[in-house]
Amino acid sequence: DDYEGKLVDIHRNGEVAQTITHYSYGGVTYRLSNPVKVQTQDNGKVGFIDGTRNAFVVVTRPTILSNTTAVASYCSVFDPPSKLSCIGLDVNNEWWVGDETQKMYHHFTSNGQYVCSYSGSTSNLYPFTFDSPVSVSKAPYFVQNGSIYRSLYVYTSDLWGDNTGMRAFLPGADGRGFAWTA
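Residues numbered from 1 in each chain as written. Predicted model: local features only at pLDDT ≥ 70, side-chain atom pairs only at ≥ 80, totals over all residues. Heavy atoms only, no water.

Draft legend 1. Local environment of the pattern of salt bridges. Using the criterion set out here, one finds 1 salt bridge in the structure. When the shortest N-O distance is used, the salt bridge between Arg61 and Asp9 registers 2.7 Å. Of the two residues, Arg61 is situated in the loop between β7 (55–60) and β8 (69–77) and Asp9 in strand β1 (residues 7–10); the sequence distance between them amounts to 52 residues. Note on Arg61: relative accessible area 29%, which makes it partly exposed. Given the relative accessible area of 26%, Asp9 is considered partly exposed. (Salt bridge = Lys/Arg side-chain N within 4 Å of Asp/Glu carboxyl O. Helix = DSSP H or I, 4+ residues; strand = E, 2+ residues; numbered from the N terminus. Buried < 20%, exposed > 50% of the residue type's maximum accessible area, 1.4 Å probe, protein only.)

Draft legend 2. How the structure looks around the nonpolar core. Grouped together as the largest cluster of nonpolar side chains are 12 residues: Leu7, Ile20, Tyr23, Leu32, Val46, Phe48, Ala55, Val57, Val59, Ala70, Ala72 and Cys75. Mapped by element, the contributors of at least two residues to this core are β6 (45–50), β7 and β8. Ignoring anything within four residues of it in the chain, the contact list for Ile20 reads Lys6, Leu7, Leu32, Pro62, Thr68 and Ala70. The next biggest cluster of nonpolar side chains, apart from the first, holds 10 residues, and it includes Val58, Phe78, Trp95 and Phe108. (Core = buried A, V, L, I, M, F, W, Y, C linked by side-chain atoms within 4.5 Å. Contact = heavy atoms within 4.5 Å.)

Draft legend 3. Up close: the packing of aromatic side chains. Counted by the stated rule, this structure contains 7 aromatic pairs. Among the aromatic residues, those joined into a ring-pair cluster are Phe56, Phe78, Trp95, Phe108 and Tyr114. Arg53 extends its terminal NZ or CZ atom over the ring of Tyr30, reaching a point 3.7 Å from the ring centre. (Phe/Tyr/Trp six-rings, centres within 6.5 Å; stacked < 30°, edge-to-face > 60°. Lys NZ or Arg CZ within 6 Å of the ring centre and 35° of its normal.)

Draft legend 4. Examining the sheet that holds β7 more closely. Read across the open sheet, the 6 strands follow the order β4-β3-β8-β7-β6-β5; overall the sheet is mixed. Two strands in the sheet have a free side with no partner beyond their single neighbour: β4 (28–31) and β5 (35–40). Neighbouring strand axes in the sheet, compared pairwise and without regard to direction, differ in orientation by 35° on average. Bridge count between β7 and β8: 6 bridges; the pairing is antiparallel. Within β8, the position partnered with Val57 by the bridge is Cys75. (Pairing = 2+ DSSP bridges. Axes fitted to C-alpha atoms, helices over the stretch in contact; angles between N-to-C directions.)

In short, shape yes, function no, at least from these values alone.
Written out as structure tokens, the structure is:
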């Protein structure tokens, strides 16, 4: 709820299961006044963008349902001109966060620790950039000759530029042309 500044977990029947209004990291408690995007993992971890701090935060849900403060395992604050825009998970349950103004995706471990950032490919064969990152998701499986495999591809979508619509890429596969920073 970006108006009230809280994360609300609602059951399918409409009952509110839990509300998070604050998170703590490094001994400091922050008010969640402007949550932008949120994504959950099956293990009880919740990732979200704190729009006020321009931070990607991974918290563990409070075990006591009436507790509204979650404890963060990692919190990565991005300085201007970065503007975090979307969150997704890959097949390994690792986080991907879009950066609208830097035109890249930041990669994090399943606990929320920063790994690296991808800004596109400089390959002569398949050059591309992320002009306006708006969504990221996984392709969990693919079928080949009747066998089902886990897919490592990550799907992204951009609103503007030559790569509008959904695009798939395999992180790290274009080692010569893929621009990334760690």
